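# Architecture and fold: a report
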Amino acid sequence: MKEKFLKILLNPKYIFGVYLIISVVTAISKYLRGDYAINNYLIFKNVFFNTIHQKNLFIHYPDLYFDLNHYGIFFSALIAPFAMMPDWLGISLWNLANTFIFVYAIYKLPFSDAKKAIFALLCLQEYITAALSLQFNVALTGLLLLSATYIYERKEIKSVTAILIGVFVKIYGIVGLTQFFFIKNKIKFILSGVVIAVVFFVLPMAYSSPQFVIQSYADWFHSIVEKNSENQVLGNMQDISLMGFFRRILGDASISNLVFLAVGLPLFAAPYIRIKQYKNYAFQLMILASTLLFLVLFSSSSESPTYIIAVTGVMIWFFLQKERTPFTIGLLVFVIIFTCFSSSDLFPKSVKNAYIIKYSLKAVPCVIVWFRIIYELLTKDFEKNYSLN
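Now for a quick tour of the structure. Only a predicted model underlies this, so the values are computations on that prediction, with no experimental measurement involved.

Now for the overall build of the chain. When you go through the chain residue by residue, the secondary structure sums to 18 helices and zero strands. Computed over its C-alpha atoms, the radius of gyration of the chain comes to 21 Å, within 12% of the 21 Å expected for a compact globule of 389 residues. Overall size of the chain, expressed as C-alpha extent along the three principal axes, is 60 × 55 × 50 Å. Residue burial in the chain is summarised as follows: out of 389 residues, 55% are buried.

In structure tokens form, the structure reads like this:
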């Protein structure tokens, strides 16, 4: 019985199946309860309908939904098939599609099947948090993973496509370019990227107009700038980041992002001086782990559902370790308890409101892991100290 259980537990197909089932169950439950997360889907599907009718994508439509859209006009093409379905079906298949991209990306990682299964299992709680919001973060995480694995497989066109989907939907996909130095055929990557970017840019013109698309990109830029300033508020549900942690501890929402980036960016870039390590796939994946964490920890837009990106980075770091010491295991447990479960019923609501949300404590374990990753990237020999098996 024990052996049979372990065989199931260590088979990624089973845990991937659990992910796909959860994606549909969470979507249907949200729809039936009329949960606030449905509002996210209403925003998404109306990106398509507003594009068709050439209506501003980034203003309030209180008769349709509350809050604002912050996804680019290219997103209208991705959401179109789902938007034209009944909501209960569109929501379910939308969540399913996002989840499939994520689990496929885990499948593509160069780990053993047992590692992939445990990797997915340890990400499950954070995945549920993201899936319940019906947002694009799950798919974006998958796309960033795929952009890196495709580079290693020398599939430059697939890699740049994954990156550009992220860029044109949520701009954050641009961090996929942190793998650029590891590309063998850079010319192919750049030229195919230009062609694909042009296709993505003009595609919405087929069902709107060139003028509307161009104006939408200008509106998108202004909406992102405005959202950034709105996020820097003490105690809200945004800015759950390294920056938000310090702003809230110090009680000063006016501290600029640039103060943190002035330290964070040089630290993030420093490992690239180790050119001799570029050939090691483990080094490339550790750069990816650093990127996933950096993206979340240095963004004022980070919220609880965004942490599927950061936690995936943590898992890459952990499963690359050749020897798992009490310290690395302790850090992983710290992340699972205080990041993954901080928004669950494991913590009383009073504790969440008074401490976890108020001080952006969900970010703290990931901050510590990120600094550890930077240390390892700068000092370790990746051929000797890390394993993909």
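Locating N280 in the fold gives a position in the loop between α12 (257–269) and α13 (281–297). Judged by its relative accessible area of 12%, N280 is buried. With residues near it in sequence (within four places) discarded, N280 still touches F382 and E383.

So, about the environment of P305. Its location among the elements puts P305 in the loop between α13 and α14 (307–320). Relative accessible area serves as the criterion here: at 12%, P305 is assigned to the buried category. For the pair P305 and E126, spaced 179 residues apart in the sequence, the C-alpha separation amounts to 7.6 Å. If we ignore the near neighbours within four places in the chain, the residues touching P305 are T129, A130, S133, Q135 and N137.

Quick look at unusual backbone geometry now. For L134, which is not a glycine, the phi torsion comes out positive at approximately 60 degrees. Structurally, L134 can be placed in the loop between α6 (113–132) and α7 (137–152). Residue classification places L134 among the buried residues on the basis of a relative accessible area of 0%. Residue D239 is not a glycine yet carries a positive backbone phi of 60 degrees. Relative to the elements of secondary structure, D239 occurs in the loop between α10 (210–231) and α11 (242–250). Of the residues examined, D239 reaches a relative accessible area of 2% and is grouped as buried.

Counting 122 residues, the largest nonpolar core has Y19, F119, F136, L293, L297, I316 and W317 as its most contacted members. The element best represented in this core is α13, accounting for 14 residues. If sequence neighbours within four positions are ignored, F119 has contacts with I106, L109, F111, T312, M315, I316 and F319.

A few words now on a nonpolar patch on the surface. On the surface, a cluster of nonpolar side chains totalling about 410 Å² of accessible area is made up of I329, V333, I337, F338 and L346. By secondary structure assignment, the location of V333 is in helix α15 (residues 326–340). Overall, V333 belongs to the partly exposed group, its relative accessible area being 40%.

Going through the model one piece at a time under the given rule, you end up with 48 aromatic pairs. With a centroid separation of 6.4 Å and an interplanar angle of 75 degrees, the aromatic rings of F75 and F136 are classed as edge-to-face. Here the residue F75 occupies a position in helix α4 (residues 75–83), and F136 occupies one in the loop between α6 and α7, the gap between them amounting to 61 residues. With respect to burial, F75 and F136 carry one shared label: buried. Seen in terms of ring centroids, F181 and Y278 are 6.5 Å apart; in terms of plane orientation they differ by 45 degrees. Their pairing is tilted. One end of the pair, F181, is in the loop between α8 (156–170) and α9 (186–202); the other, Y278, is in the loop between α12 and α13, with 97 residues separating them in the sequence. Classification of F181 by relative accessible area gives partly exposed; the value is 49%. Judged by its relative accessible area of 15%, Y278 is buried.

The rules behind each value
Residues numbered from 1 in each chain as written. Predicted model: local features only at pLDDT ≥ 70, side-chain atom pairs only at ≥ 80, totals over all residues. Heavy atoms only, no water. Helix = DSSP H or I, 4+ residues; strand = E, 2+ residues; numbered from the N terminus. Rg over C-alpha atoms; globule rule 2.2 N^0.38 Å. Buried < 20%, exposed > 50% of the residue type's maximum accessible area, 1.4 Å probe, protein only. Contact = heavy atoms within 4.5 Å. Core = buried A, V, L, I, M, F, W, Y, C linked by side-chain atoms within 4.5 Å. Patch = residues over 30% accessible without salt bridge, like charges linked within 9 Å, V, L, I, M, F, W, Y side chains within 5 Å. Areas by Shrake-Rupley, 256 points an atom, 1.4 Å probe, with all protein chains shown as cover. Salt bridge = Lys/Arg side-chain N within 4 Å of Asp/Glu carboxyl O. Phe/Tyr/Trp six-rings, centres within 6.5 Å; stacked < 30°, edge-to-face > 60°.

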